[in-house]
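Here's the letter readout for the chains.
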Amino acid sequence: MDSSADAVLTQLRKGVLEYCVLACLRQRPAYGLELASQLAQGRLLTSEGTLYPLLSRLRKQGLVESTWQESTSGPPRRYYQLTDQGITALAAF
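In short, a report on the structure. (Residues numbered from 1 in each chain as written. Predicted model: local features only at pLDDT ≥ 70, side-chain atom pairs only at ≥ 80, totals over all residues. Heavy atoms only, no water.)

1. Considerations on the packing of helix 2 (residues 32-41) against helix 3 (residues 48-60)
Inclusion rule: Axis geometry follows a simple rule: fit a line to the C-alpha atoms, using only the stretch in contact for helices, then measure angles between N-to-C directions, giving values from 0 to 180 degrees. Numbering of helices and strands starts at the N terminus; helices are DSSP runs of H or I of at least 4 residues and strands are runs of E of at least 2. Between 65 and 115 degrees an angle is taken as roughly perpendicular, under 35 as roughly parallel, over 145 as roughly antiparallel, and anywhere else as oblique. Two helices crossing with the near one rotated counterclockwise from the far one by less than a right angle form a left-handed crossing, whereas a clockwise rotation gives a right-handed crossing. Here, residues are in contact when the closest pair of their heavy atoms is within 4.5 Å. Under this grouping Gly is polar, as are all residues other than the nonpolar Ala, Val, Leu, Ile, Met, Phe, Trp, Tyr, Cys and Pro and the charged Asp, Glu, Lys and Arg.
Their axes nearest at 10 Å, the elements helix 2 and helix 3 cross at an angle of 120°. Looking at the two axes, helix 2 sits oblique to helix 3. Judged by the sense of rotation from one axis to the other, the crossing of helix 2 with helix 3 is right-handed. Of the residues in helix 3, those touching helix 2 at Gly-32, Leu-33, Leu-35, Ala-36 and Leu-39 are Glu-48, Leu-51, Tyr-52 and Leu-55. Each residue belonging to the contact of helix 2 with helix 3 can be placed in one class, and the counts come to seven nonpolar, one polar and one charged.

2. Digging into helix 4 (residues 84-92)
For clarity, the cut-off: Throughout, exposure labels follow a simple rule: accessible area from a 1.4 Å probe, protein chains only, divided by the maximum for the residue type, with under 20% read as buried, over 50% as exposed, and the rest as partly exposed. By arc we mean the arc of the directions from the helix axis to the C-beta atoms, nothing more.
Of the positions making up helix 4, those classed as buried are Gly-86, Ala-89 and Leu-90. Down the axis, helix 4 shows its buried residues gathered within 100° of arc, on one side only. In helix 4, those exposed residues whose orientation departs by more than 90 degrees from the buried face are Asp-84, Thr-88, Ala-91 and Ala-92.

Rendered as structure tokens:
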């Protein structure tokens, strides 16, 4: 793939990534690393460093909310879930 095709693909990923995150959360709440794994399998996410700022923005926009839950295998995890506004935004997309 040439560099212009790479640039187009990168911009496409940026444009749809937030809706991909919302779609991942449609089924059930998930924590960040779990979301990163799902998105990486679909080749939509190349770095976790992109995901956490995106989740923060989605929280500020009222599309997701988060809660801390104890983990049986380590420290507590922040789980994200769709809000009613997030469900509406996903449906509109």
